[in-house]
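# Structural overview for review
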Amino acid sequence: MATRKPQPQLNIHWTNIVSGRGISQQHTRPRTPPRSSSTNPQNFSPSSHQPASWSASPRRLYTSIINQGVDSWSRDQMEDEEDEEDEDIVYDDDEDEFGLPSITSMRKKPKQNVDPLPSRIVDPGGRIGGSASALSVGLGNNPANALNLIDHAPPPKSATPKEMDQYSSRISRINKFKRLLQTSTVPLTELRNLAWSGVPDEVRAMTWQLLLGYLPTNCERRISTLERKRKEYLDGVRQAFERGSTTGAGNPTASTTGRGRGLDEAIWHQISIDVPRTCPHIQLYGYEATQRSLERILYVWAIRHPASGYVQGINDLATPFWQVFLGVYVTDLNVEEGMDPGQLPKSVLDAVEADTFWCLTKLLDGIQDNYIYAQPGIHRQVRALRDLTMRIDATLAKHLENEGVEFMQFSFRWMNCLLMREMSVQNTIRMWDTYMAEEQGFSRFHLYVCAAFLVKWSDQLVKMDFQEVMMFLQALPTKDWTEQDIELLLSEAFIWQSLFQDSRAHLRSTGDPSPDNGLQ
């Protein structure tokens, strides 16, 4: 029987925000990566790919995404927070409704001195090895240029025949993508068919942008489209945070307290809580540059979508995009550790942030009823999952019913966060390759993935009582899952979709005449 491990405590430094990126240095929220305590090292359990103790590289100022003259975003946070700016906090075991550490359970802890590890040295010119301006023009505005920069490292001299076959197969697959992506007009049907089985890291960013409809299939329109969309986003950021400079201009008190910023305080408050808790075990998401960027992306999206606003969980959905698009400009494809994005040129951060915003918007446009008032989309999906489970594995479904386990109790998070709390970011990225290749991957196909995911644990679940079921489903043993596990899950989901997607009767529970199963 699997038991839930205690939530590791994270020491997150309560520091100032770097000025020049649009926020004042008096703003006091968690900004630096988690640090391991020298006096209590057992409280922090880094992931397997992460060093046992690490810290951000020395703090650097990085250029603002908006003009230096725009000071509206540079308003102080509430004055009563100022005396807390030099303290560390850790999270207790209490968690929010999605398994995150609860903000109400934070407690102060004396600051520990940790020697920072040297961060990875990154060529300021990214993969092209040139200047920042060359990067912006040569790569950032024309993603097809990156295809010519793909460098295939030779296989090790001691490689076995099996390893050589795997190497040759990978090179062949990358070349297939390159041939499609370099055509004057990319054939989306062929690209979807190729992407369903996974997209190589080297070509993923451009492939995702095409499949989501953010990047035009016609190569002649791409540069102008990217320039226009990136400028539109940066203008949106400026407008969102500039309002305070006029609304608070005649009110010094409002300026100093931060209420004159013109921000929606409720939205900004929730985002400021969630961003520092996003992927807390991955070093990349502890850096200031990453957190500032995610804050802007989420806030601008929220105010542009007032029907839903910001909903907890959307912060998770931004991370695969940020990580994939950042990887375009970094020589090492593993961007999760050892590299502070604040070291990269401003033009790179602007491009990554804008592209993340627009692709997140494209994704959420297809599932926005998951996040509007009362979240009707999620309720439909949960009902559909219950009905589908009854058809696939009646024994499991009846056992859960007999134990009083409601599907809403465990699968709400699966729908709200698209299983991101159950998978690593890397496995989520692989899963999204297939989701984007499907016509309704993040809505309809995701339902079948959840069904295959639940049924996978059937043998264990039917032997558990209510409490054991809930504990197991809240901490599923997927930590060591590989890409092969994800591909098996996707293949099983495809089988269930092939069997049931066109038959409403198969998805209707006995005695339930309603066809509203979330698949319409």
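All of the points below concern the structure found in this document. From a predicted model like this one, the values you see are computed outputs, not experimental measurements.

Below, the discussion takes up the side chain of Glu-295. Following the sequence through the fold, Glu-295 ends up in helix H8 (residues 288-304). Separated by 3.1 Å, the side chains of Glu-295 and Arg-292 make a polar contact.

Turning our eyes to something else, we now look at the environment of Val-455. Among the structural elements, Val-455 can be located in helix H15 (residues 441-456). Considered as a pair, Val-455 and Ala-397 are 58 residues apart in the sequence and their alpha carbons are 9.4 Å apart.

The next thing to look at is the nonpolar core. By size, the foremost hydrophobic cluster in this structure holds 123 residues, and its most contacted members are Phe-321, Trp-414 and Trp-432. Contact partners of Phe-321, with chain neighbours within four places excluded, come to Trp-208, Leu-212, Thr-356, Cys-359, Leu-360, Leu-363, Trp-432 and Met-436.

Attention shifts here to helix H11 (residues 376-392). Its 17 residues place the ends of H11 24 Å apart at the C-alpha level, agreeing with the 24 Å of an ideal helix rising 1.5 Å per residue. Taken as a whole, H11 has its buried residues at Gly-377, Ile-378, Gln-381, Val-382, Ala-384, Leu-385, Asp-387, Leu-388, Thr-389 and Ile-392. Packing partners of the buried residues in H11 comprise helix H12 (394-402), helix H13 (407-416), H15 and helix H18 (483-500).

This part takes up the pattern of salt bridges. Within this structure, the stated rule accounts for 17 salt bridges. Between Glu-422 and Arg-413 there is a salt bridge, with the nearest N and O atoms lying 2.4 Å from each other. An identical accessibility class is assigned to Glu-422 and Arg-413; each is buried. The salt bridge involving Glu-487 is made with Arg-430; its shortest N-O contact spans 3.4 Å. One end of the pair, Glu-487, is in helix H18; the other, Arg-430, is in helix H14 (residues 425-437), and 57 residues separate them in sequence. For Glu-487, a relative accessible area of 25% corresponds to the partly exposed category. Each of the salt bridges in this network shares a partner with another, and the network as a whole consists of Asp-201, Arg-204 and Asp-433.

With a phi angle near 45°, Cys-279 is a residue other than glycine that sits in the positive phi range. Along the chain, the position of Cys-279 falls in the loop between helix H7 (265-274) and H8. Residue Cys-279 is classed as buried on the basis of its relative accessible area of 15%. In this model, Leu-419 sits at a positive phi of 65°, which is unusual for a non-glycine residue.

Moving on, we get to the packing of H15 against H18. Taken N-terminus to C-terminus, the directions of H15 and H18 make an angle of 115°; their axes are 8 Å apart at the nearest point. Crossing angle aside, the handedness with which H15 passes H18 is right-handed. From H15, Arg-444, Phe-445, Tyr-448, Val-449, Ala-452, Phe-453 and Lys-456 reach across to H18, where they touch Leu-488, Leu-489, Leu-490, Glu-492, Ala-493, Phe-494, Trp-496, Gln-497 and Phe-500. Residue classes in the contact of H15 with H18 are distributed as 12 nonpolar, 1 polar and 3 charged.

Looking now at the packing of aromatic side chains. Given two aromatic rings, their pairing is described by the distance between the two centres and the angle made by the two planes. Taken as a whole and judged by the stated rule, the model has 22 aromatic pairs. Note on Trp-457 and Trp-481: the rings are 6.0 Å apart at their centroids and 25° apart in plane angle, and the pair reads as stacked. In this pair, Trp-457 sits in the loop between H15 and helix H16 (458-461) while Trp-481 sits in the loop between helix H17 (466-474) and H18, placing the two residues 24 residues apart along the sequence. Here the two residues Trp-457 and Trp-481 agree in accessibility, since each one is buried. Taken together, Trp-196, Trp-208, Phe-321, Phe-325, Trp-432, Tyr-435, Phe-442, Phe-445 and Phe-494 form an aromatic cluster joined through their ring pairs. Residue placement shows Lys-229 over the ring face of Trp-358; its charged tip is 3.6 Å from the ring centre.

Turning our attention to H12. Among all positions in H12, only Leu-396, Ala-397, His-399 and Leu-400 are buried. Take H12 and look down its axis: the buried residues cluster within an arc of 160°, on one side only. Summarising the geometry of H12, the exposed residues directed more than 90 degrees from the buried face are Thr-395, Glu-401 and Asn-402. Residues of H12 that are buried make contact with H11, H13, H15, H16 and H17. Gly-404 sits one or two residues past H12 and shows a positive phi near 80°.

Procedures and definitions
Residues numbered from 1 in each chain as written. Predicted model: local features only at pLDDT ≥ 70, side-chain atom pairs only at ≥ 80, totals over all residues. Heavy atoms only, no water. Helix = DSSP H or I, 4+ residues; strand = E, 2+ residues; numbered from the N terminus. Polar contact = N/O pair within 3.5 Å; in protein donor to acceptor, adjacent residues only side chain to side chain. Core = buried A, V, L, I, M, F, W, Y, C linked by side-chain atoms within 4.5 Å. Buried < 20%, exposed > 50% of the residue type's maximum accessible area, 1.4 Å probe, protein only. Contact = heavy atoms within 4.5 Å. Expected span 1.5 Å × (residues − 1). Salt bridge = Lys/Arg side-chain N within 4 Å of Asp/Glu carboxyl O. Axes fitted to C-alpha atoms, helices over the stretch in contact; angles between N-to-C directions. Left-handed = near helix turned anticlockwise from the far one by under 90°. Nonpolar A, V, L, I, M, F, W, Y, C, P; charged D, E, K, R; others polar. Phe/Tyr/Trp six-rings, centres within 6.5 Å; stacked < 30°, edge-to-face > 60°. Lys NZ or Arg CZ within 6 Å of the ring centre and 35° of its normal. Arc of directions from axis to C-beta.

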